[in-house]
Amino acid sequence: MGPTGVGKSSFIQSSVPPDLRAKVKVGHGLKSETIEVQPISWVAEDGTRIKLVDSPGFDDSREGVTDAEVLKMIATFLTREYGKKSQLTGLIYLHRISDTRVGGTSQRNLRMFRKLCGTDSLKNVVIVTTMWDKVTPEEGLKREQELISSKNLFKPLLDGGATMMRHERTAESATKVINHLLGKKATTTQIVREIVVETKTLEETAAGGELHSEIEALLKRHKEDMELMKAELRGMAQRVLEEERQRMDQKLERLLKELDELKRGITVPIGNDPPPDYEFANDFPVPETTSVVNYSRLLQLFRIHQSLLAPSHSELLSSIASGAAQFANAVENSVGDVQRGLSTLKPVLASQSVHSLQQFMKADPHPRAFTYGMWTKARDDMEILTNDTKAILSTYTKSWIPNVLRNAKIKRSDALKTILGSMEGVVAQMDIMMKWWTPIIDALGKIEDATHRLRAGTGFDNNAVKVTLTRIVRALGSYCDAYARCPEDIRRAAVGLPCD
């Protein structure tokens, strides 16, 4: 691992037998050459099987590739390749000795590396310095000492048991690093333990949390930059203003995409496949948030057309404002209820106590029933408003009226048609949300049946219970991640409506 252009692929090319070197792509510019996690294997002369794994850096230079996607690539490889038995003999972190200063991208790569490894794996880490041919021996030695002694760089790793070595673009120096690691006892990285053993989501891991904090900080800074831009560009040409706004919007879109990518996480196979009774075609993907986005857009439409519709349709405006407040409260309550369910289910999964699981199943209100009911009611309420809007539109006949009134009536009709289309979109998305909940309800029902058949205190004798419960925990966690901030978005969109 290491930043883009540090020499990871070159190190592997120096390590492998001559007949495999052509398979290793090495970049010669600033653009990243490694586009995915790439393992390459061979058998040494003494019969030792070796596999080196090349990974993209957390500063990938390719268009559209985010740090969240790089983290997902690495986490997916480590967890899917070996599952709970995923162990590494060594972790090699490469750094250019030719760098006159350690910039932000290098420090971010180092932070992510530490979070991925964890302190227990540091004894299996070798920090390899590269590009020694780019510096004089005196310069190189001075920088090496700075890296070793700096608390912000490699000192914490070295204090934890890591080793520092040099790679001088030769097969001998690469082999020396590998042979040093082959003498180590294999280790399980922190991110594998967190995802596979502790059943954390990618965002809940130390590496995921580090990345999430960085993205949130960038979003906050972006918001401040947007406010500053508005103040500085006020009065400038419309074209310049629009170009700058588009640039800022694109930056915001990239950050939000990265945050969403991190929240989606990865799917990890756990244990053996469950027996047929416990197989579910729907493996609980991340829930749709489009319904809330559409709801917020609907409220914005009402605000846009409020002055036009208020004189004739104040009751409709009042109904949608009241419905928005109720829906925001319902989403907030459902997230809270699911979070309480998770706080019980996670310890149950960790302890594998059937008795605790039975106690959870008796809890009331139950996340599965309450939240499913919330989405059902929200859909039904919106359908009522949809029918009310259709009824109003049906009264807009083409009978003769004075031209002044006709124009106003046509404008109101067009506005209501736009609003109606948005309402129907919200209803459709809420239907999708209910379908997302159905397999979770079925799975919990099957677990409930299984716990009645298991003798309390024996643990999860049936592996299917553990497998299915793990999936449910992940599904409920992704629900909280998806909807925790949504009530605030709805309330913000409702500002200015009659019942606000």
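Since the structure is predicted, the reported quantities are computational estimates derived from the model, not experimental observations.

**Q** Would you take a moment to explain the overall build of the protein for this structure?
**A** In terms of regular secondary structure, the protein is built from 16 helices and 5 strands. Taken across its 500 residues, the protein has 48% of its residues classed as buried. Sequence separation of 24 or more characterises 79% of the internal contacts of the protein that already satisfy a separation of 6 or more. Carbon and sulfur atoms make up 50% of the accessible area of the protein, which totals about 25600 Å².

**Q** Is there a simple way to explain the layout of surface pockets in this structure?
**A** Which parts of space are left empty comes out when a probe the size of a water molecule is rolled across the atoms. In this structure, the largest pocket encloses a volume near 1400 Å³. Broken down by secondary-structure element, the contributors of at least two residues to the lining of the largest pocket are α8 (206–233), α9 (238–264), α10 (290–304), α15 (463–483) and α16 (486–493). A per-class count over the lining of the largest pocket returns 12 nonpolar, 6 polar and 17 charged. Reported here for the second largest pocket is a volume of approximately 900 Å³. Together, 34 residues line the second largest pocket, and Lys51, Leu52, Val53, Leu88 and Gly90 are the ones closest to its centre. For the lining of the second largest pocket, the secondary-structure elements that each account for two or more residues are α1 (8–15), β1 (38–43), β2 (49–54), α2 (67–82), β3 (91–96), α3 (104–117) and α6 (171–182). With 6 residues, the top contributor of residues to the lining of the second largest pocket is β2.

**Q** Quick question: what am I supposed to make of the pairing of β2 here?
**A** When a strand is regular, its side chains alternate between the sheet's two faces. Only one face of β2 is covered, namely the one carrying Ile50, Leu52 and Asp54; the face carrying Arg49, Lys51 and Val53 has none of its residues buried. Where β1 and β2 come together, 6 bridges link them in antiparallel fashion. The residue bridging serine 41 from the neighbouring strand is lysine 51, located in β2. Two successive antiparallel strands, β1 and β2, enclose a turn made up of 5 residues, where glycine 47 displays a positive phi of approximately 95°.

**Q** Explain empty space enclosed by the protein to me, please; I cannot follow it from the model alone.
**A** Counting across every chain of the model gives 2 cavities of 30 Å³ or more. A volume near 50 Å³ is recorded for the largest cavity. Looking at the largest cavity, the residues that line it are Val6, Gly7, Ser10, Thr130, Met131, His167 and Arg169. Residue classes in the lining of the largest cavity are distributed as 2 nonpolar, 4 polar and 1 charged.

**Q** What is the right way to look at the pattern of salt bridges in this model?
**A** When the charged atoms of two side chains with opposite charge come close together, those side chains can pair. Using the criterion set out here, one finds 20 salt bridges in the structure. In this structure, glutamate 332 and arginine 491 form a salt bridge, with 3.2 Å as the shortest nitrogen-oxygen distance. Of this pair, glutamate 332 sits in helix α11 (residues 306–351) while arginine 491 sits in helix α16, and the two are 159 residues apart along the sequence. Assessed through its relative accessible area of 33%, arginine 491 is described here as partly exposed.

**Q** Would you mind going over the packing of aromatic side chains with me for this structure?
**A** Each aromatic ring pair is described using two quantities: the centre-to-centre distance and the angle formed by the ring planes. Following the criterion strictly, the structure yields 9 aromatic pairs and no others. Here tryptophan 436 and tyrosine 479 contribute two aromatic rings whose centre-to-centre distance is 6.2 Å and whose plane-to-plane angle is 20°, an arrangement assigned as stacked. Taken as a pair, tryptophan 436 in helix α14 (residues 403–453) and tyrosine 479 in helix α15 lie far apart in primary sequence, 43 residues in all. What links up through ring pairs into an aromatic cluster is the set Tyr295, Phe327, Trp375, Trp436, Trp437, Tyr479 and Tyr483. The cationic tip of arginine 166 hangs over the ring face of tryptophan 132; the distance from NZ or CZ to the ring centre is 3.9 Å.

**Q** Would you explain the confidence of the model for the protein in this entry?
**A** As a general rule, the predicted coordinates of low-pLDDT regions are not to be interpreted in detail. In the predicted model, the protein carries a mean pLDDT of 79, and 81% of its residues have values of at least 70. Least confident of the elements in the protein is α9, whose mean pLDDT is 70; most confident is strand β4 (residues 125–130), at 94. The low-confidence segment residues 28–32, where pLDDT is below 50, has 9 contacts with residues more than four positions distant or belonging to other chains.

**Q** Looking at this structure, I do not really get the environment of lysine 435. What am I missing?
**A** In this structure, lysine 435 sits in helix α14. Distance from lysine 435 to tyrosine 372, taken between C-alpha atoms, is 9.3 Å for residues 63 residues apart in sequence.

**Q** Just to check I follow, could you spell out the pairing of β4 for this structure?
**A** The buried count for β4 comes to 6 of 6 residues, which makes it a mostly enclosed element. By the alternation rule, side chains of β4 split into Val125, Ile127 and Thr129 and Val126, Val128 and Thr130, which are all buried. Where β3 meets β4, 6 bridges bridge the pair, whose relative direction is parallel. Note that in β4 the partner of isoleucine 92 across the bridge is valine 126. Traced from β3 through α3 to β4, the parallel crossover comes out right-handed. With 4 bridges connecting them, β4 and strand β5 (residues 163–166) associate as parallel partners. Within β5, the residue paired with isoleucine 127 across the bridge is methionine 164.

**Q** Just to check I follow, could you spell out the side chain of serine 173 for this structure?
**A** Mapped onto the elements, serine 173 comes out in helix α6. Take serine 173: its relative accessible area is 8%, and that puts it in the buried class. Those residues in contact with serine 173 that sit more than four places away from it in its chain are Arg166, His167 and Glu168.

**Q** Even after reading the chapter, I still don't get the side chain of glutamine 429, so can you show me in this structure?
**A** Following the sequence through the fold, glutamine 429 ends up in helix α14. A relative accessible area of 15% places glutamine 429 in the buried class. Those residues in contact with glutamine 429 that lie beyond four places of it in its chain are Glu288, Thr290, Ser291 and Asn294.

**Q** Would you take a moment to explain the packing of α1 against α6 for this structure?
**A** Any two packed helices are characterised by how steeply their axes cross, that is the angle between the axes, and by the distance between the axes. Their axes nearest at 8 Å, the elements α1 and α6 cross at an angle of 95°. When the axis of α1 is compared with that of α6, the two are roughly perpendicular. From α1, Phe11, Ser14 and Ser15 reach across to α6, where they touch Ala171, Ala174, Val177 and Ile178. Class assignment for the residues of the contact of α1 with α6 results in 5 nonpolar, 2 polar and no charged.

**Q** Would you mind showing me how to read the sheet that holds β4 here?
**A** Strand pairing in a sheet relies on backbone hydrogen bonds. The paired strands run either parallel or antiparallel. Read across the open sheet, the 3 strands follow the order β3-β4-β5; overall the sheet is parallel. Strands at the two margins of the open sheet, each flanked by one partner only, are β3 and β5. The sheet shows a mean angle of 30° between the axes of neighbouring strands, taken without regard to direction. Sitting on the sheet, α6 is in contact with β3, β4 and β5, with an inclination near 160° to β5.

Definitions and cut-offs
- Residues numbered from 1 in each chain as written.
- Predicted model: local features only at pLDDT ≥ 70, side-chain atom pairs only at ≥ 80, totals over all residues.
- Heavy atoms only, no water.
- Helix = DSSP H or I, 4+ residues; strand = E, 2+ residues; numbered from the N terminus.
- Buried < 20%, exposed > 50% of the residue type's maximum accessible area, 1.4 Å probe, protein only.
- Contact = heavy atoms within 4.5 Å.
- Areas by Shrake-Rupley, 256 points an atom, 1.4 Å probe, with all protein chains shown as cover.
- 1 Å grid on protein atoms, 1.4 Å probe; cavity = no way out; pocket = protein on both sides within 12 Å on 5 of 7 lines; lining within 4 Å.
- Points joined across faces, edges and corners; volume = space filled by probe spheres on them.
- Nonpolar A, V, L, I, M, F, W, Y, C, P; charged D, E, K, R; others polar.
- Pairing = 2+ DSSP bridges.
- Salt bridge = Lys/Arg side-chain N within 4 Å of Asp/Glu carboxyl O.
- Phe/Tyr/Trp six-rings, centres within 6.5 Å; stacked < 30°, edge-to-face > 60°.
- Lys NZ or Arg CZ within 6 Å of the ring centre and 35° of its normal.
- pLDDT = per-residue confidence, 0-100.
- Right-handed = clockwise from strand over helix to strand, strands pointing away.
- Axes fitted to C-alpha atoms, helices over the stretch in contact; angles between N-to-C directions.
- Parallel < 35°, antiparallel > 145°, perpendicular 65-115°, else oblique.

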